[in-house]
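For reference, the chains in residue letters:
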Amino acid sequence: MSNLLEPRAFKVFQRKQLDRIPQIARLDREQQDAIRAVSAVLPFRVNNYVLEDLIDWDRVPDDPMFQLTFPQAGMLHDEDFATMLDLVRRDAPEAEIQAAARTIQFAMNPHPAGQKELNVPRLDGQLLQGMQHKYRQTVLFFPANGQTCHSYCTYCFRWAQFVGIDELKFLDREADHLVRYVAAHPEITDVLFTGGDPMVMSTKVLRRYVEPLLRSGLDHLKTIRFGTKAPAYWPYRFTQGPDSDDLIQLFEEIVAAGKHVALMAHYSHPVELETEVAQQAVRRIIDSGAVVRCQAPLIRHVNDDADTWARMWQTQVDLGAVPYYMFVERDTGARDYFEVPLAEAFDIYNRAYAQVSGVARTVRGPSMSATPGKVCVDGIAEVHGEKVFVLKFLQCRRTEWANRIFFAKFDPQAMWLDDLEPAFGESEFFYEGWMRELAEHRKSGLNDMTPDGLPSQGVVADV
Ligand SMILES: *Cc1c(COP(=O)(O)O)cnc(C)c1O
């Protein structure tokens with residue numbers, strides 16, 4: 001494919017290089033100090049493409065791409081913000097800043113939805129810290145070299161991976177673990193490489209993880225997915241230079257091996273799809289035989305209106321990509337700043353959905369990735385005089401609950417599944433007893449995943 005665009009060198013700026021960001025001079029002292037204070041706690045990383053082509057500096061601080069990539073005062077609780085601001089203003093030693101930041105980080109629910117306790121699988125009795133296996137068909141793999149991104153999102157739910165809380169990290173260097181685990185689990189059809197962003201790896205390194213999956217006669221493995229923000233934050237990854245050619249070729253090789261390749265592309269705002277290079281990247285990925293499936297959370301200050309979502313889904317379809325999930329902002333990190341109540345999220349989703357034709361209605365949401373599963377707000381209804389949320393499991397730890405509907409009392413303020421109470425006088429949701437059983441089971445060390453995740457069936461032998 002001919003490269004019509006000017007080649008571009010990747011330049012990245014983090015907290016220590018804030019002063020070197022040319023556009024930063026447009027911000028007043030107050031805003032700059034706020035960024036300095038908050039970026040000591042939450043990850044900050046932005047590249048030249050985002051700065052030059054995605055952020056509209058005339059609209060800062062309200063610009064959605066600025067909100068998406070630059071830390072803001074409101075992202076910390078007032079007293080934490082005051083503490084950090086004081087430290088950066090008086091140029092406190094780095095160790096003091098880091099110590100204060102740690103305390104705040106640990107209070108921000110770094111690993112939501114029981115990821116550490118419930119999702120980490122075992123092989124030969126050994127915990128595989130770089131993997132998560134929550135839903136029957138799909139195992140997540142966190143390659144050690146893919147634990148960063150081309151830019152960071154301020155709302156990142158994996159933010160703990162990036163702030164150097166080492167004991168909280170998910171990662172694995174051993175492609176062999178992945179192959180052996182998949183081989184031992186015939187129920188797995190999908191491997192999802194995630195991070196961070198696996199697309200920050202060179203193709204050569206990526207091949208070390210992917211090729212063994214193709215060579216090992218794993219017929220039950222049907223789909224290889226890559227969770228990535230690169231098409232939005234650094235589309236040149238797919239369009240420029242020999243490594244991008246090699247990446248596209250790798251996709252072609254996976255397709256030729258009879259597997260489906262899915263780029264699970266994280267697009268938060270339509271501007272990320274509207275530059276020439278972003279569109280060229282999508283075209284090139286699709287030409288390889290891969291499919292681009294698009295997902296993002298609904299985020300206050302970034303994409304909290306229906307027209308933005310409708311425009312985004314339509315642009316995705318225009319480019320041949322598939323709208324996939326609208327998520328609810330997770331209960332971690334700076335969630336107070338970004339959260340949108342479930343009732344409002346449902347309203348935004350509905351009004352966006354109404355604007356697009358059926359080809360864009362492949363999207364599902366608003367969906368919470370909660371401890372028992374992915375729970376979608378499927379409706380707000382009145383049943384025998386009681387106003388309720390109609391909820392649905394899109395994914396579930398227990399496979400037989402997929403697509404099952406249940407009901408919660410309507411609550412206009414509720415932000416997350418934990419805030420909801422069962423409707424119709426029930427004392428708990430139908431899945432709660434089983435979740436308690438699972439937690440007990442795992443605590444007792446018998447925490448291998450069974451094919452259906454059923455602790456009552458006992459433990460599948462380690463392989
Ligand atoms: C969302 C998610 C998946 C993938 O779910 P799909 O509905 O198949 O896209 C897998 N594992 C975890 C832990 C997830 O949160």
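No experiment lies behind these values; they were computed from the predicted model shown. (Residues numbered from 1 in each chain as written. Predicted model: local features only at pLDDT ≥ 70, side-chain atom pairs only at ≥ 80, totals over all residues. Heavy atoms only, no water.)

### Let's talk about the site of the ligand
Put simply, the test is: For each residue, the test is whether any non-hydrogen atom lies within 4 Å of the molecule or strand; if one does, the residue is near. Definition of a polar contact: a pair of N or O atoms within 3.5 Å, with one able to donate and the other able to accept a hydrogen when the atoms are protein atoms, and with sequence-neighbouring residues admitted only if both atoms are side-chain atoms. Every accessible area reported is derived by Shrake-Rupley at a probe size of 1.4 Å, with residue values counting cover from the shown protein chains alone. By the criteria applied, helices consist of DSSP H or I runs no shorter than four residues and strands consist of E runs no shorter than two, each listed in order from the N terminus. Throughout, the ten residues Ala, Val, Leu, Ile, Met, Phe, Trp, Tyr, Cys and Pro are labelled nonpolar, Asp, Glu, Lys and Arg are labelled charged, and all others, Gly among them, are labelled polar.
Within the structure, the ligand sits among K134, Y135, T138, L140, R225, Y324, Y325, K374 and Q395. Here Q395 contributes a side-chain N or O atom positioned 2.9 Å from an oxygen atom of the ligand. In isolation the ligand offers 380 Å² of accessible surface; the protein chains occlude 86% of this area. Among the elements of the structure, β5 (131-135), β6 (138-141) and β11 (322-328) are those that each provide at least two residues to the shell around the ligand. In terms of residue class, the shell around the ligand is made up of 4 nonpolar, 2 polar and 3 charged.

### Quick word on the state of the cysteines
Which entries qualify depends on this criterion: By definition, disulfides here are pairs of cysteine sulfur atoms that lie within 2.5 Å. The classification of residues rests on relative accessible area computed with a 1.4 Å probe and restricted to protein chains. Under 20% of the type maximum is buried, over 50% is exposed, and intermediate values are partly exposed.
Taken as a whole, this structure holds 0 disulfides when the rule is applied. You can see C149 has no disulfide; the closest cysteine sulfur is in C156, sitting 6.3 Å from it. Its relative accessible area of 11% is what places C149 among the buried residues. Note on C376: no disulfide assigned, nearest cysteine sulfur contributed by C396 at a separation of 13 Å. For C376, a relative accessible area of 3% corresponds to the buried category.

### Some details on the environment of L417
As a reminder, the rule being used: Two residues form a contact once any of their heavy atoms are found within 4.5 Å.
With respect to the helices and strands, the residue L417 is situated in the loop between β15 (405-409) and α16 (432-443). Classification of L417 by relative accessible area gives buried; the value is 5%. On a C-alpha basis, the gap between L417 and P372 in space is 9.9 Å, while along the polypeptide they are 45 residues apart. When near neighbours in sequence (up to four residues on either side) are disregarded, L417 contacts M368, A370, P372, V375, L391 and Y431.

### Looking at the side chain of Q72
Tracing the backbone through its elements, the reader meets Q72 in the loop between α3 (64-69) and α4 (78-89). What makes Q72 buried here is its relative accessible area of 11%. Setting aside anything within four residues of it in sequence, one finds Q72 in contact with V38, F66, Q67 and Y337.

### Brief notes about the domain arrangement of the protein chain
As a reminder of what qualifies: Each domain's extent was defined by an automatic or database domain assignment. A quick way to say it: buried area is the sum, across both parts, of accessible area lost when two parts are put together, with a 1.4 Å probe.
Each assigned domain of the protein chain is listed here: domain 1 (12-106) and domain 2 (115-443). Each of domain 1 and domain 2 has a C-alpha centre, and these two points are 27 Å apart. Summing both sides of the interface, domain 1 and domain 2 together bury roughly 2,400 Å²; the carbon and sulfur share of this comes to 64%. Our count for the domain 1 to domain 2 interface comes out at 11 residue pairs in polar contact (both at pLDDT 80 or more).

### Overview of the packing of aromatic side chains
Aromatic ring pairs are described here by two measures, namely the spacing of the ring centres and the angle between the planes. This is how it is decided: Two rings from Phe, Tyr or Trp (for Trp, the six-membered ring) form a pair when their centres are within 6.5 Å of each other. A pair whose planes differ by under 30 degrees is stacked, one over 60 is edge-to-face, and the rest are tilted. Whether a charge sits over a ring depends on NZ of Lys or CZ of Arg being within 6 Å of the ring centre and within 35 degrees of the ring normal.
In total, this model carries 32 aromatic pairs according to the counting rule given. Measuring from ring centre to ring centre gives 5.6 Å for F430 and Y431, while their planes differ by 85 degrees; the resulting arrangement is edge-to-face. Judged by its relative accessible area of 28%, F430 falls in the partly exposed class. Assessed through its relative accessible area of 5%, Y431 is described here as buried. Each residue in the set F393, W401, F406, F429, F430, Y431 and W434 is aromatic and connected to the rest through ring pairs, giving one cluster. When the ring centre of Y152 is taken as origin, the NZ or CZ atom of R45, which lies over that ring, is 6.0 Å away. The positively charged end of R364 is found above the aromatic ring belonging to Y324, 4.9 Å away from the centroid.

### Some words on the pairing of strand β13 (residues 373-383)
How we decide: We treat two strands as partners when DSSP finds at least two bridges between them.
Note: strand β12 (residues 364-369) against β13, 3 bridges, orientation antiparallel. Bridging across to β13, S369 finds its partner in K374. Linking β12 back to β13 in an antiparallel pair, the connection comprises 3 residues. Between β13 and strand β14 (residues 386-396), which follow one another and run antiparallel, lie 2 residues, and H384 among them has a positive phi close to 45 degrees.

### Quick notes on the nonpolar core
Under the convention used in this document: Among the buried residues, those of types Ala, Val, Leu, Ile, Met, Phe, Trp, Tyr and Cys that are joined through side-chain atoms within 4.5 Å form a nonpolar core.
Within the largest apolar cluster, 62 residues are counted, with the highest numbers of intra-cluster contacts made by F193, F226 and F251. Filtering out sequence-adjacent residues up to four positions away, F226 remains in contact with L192, F193, P198, M199, L206, V210, F251, I254, V261, A262, L263 and M264. Counting 58 residues, the second largest nonpolar core, distinct from the first, contains L18, V46, L51 and F81.

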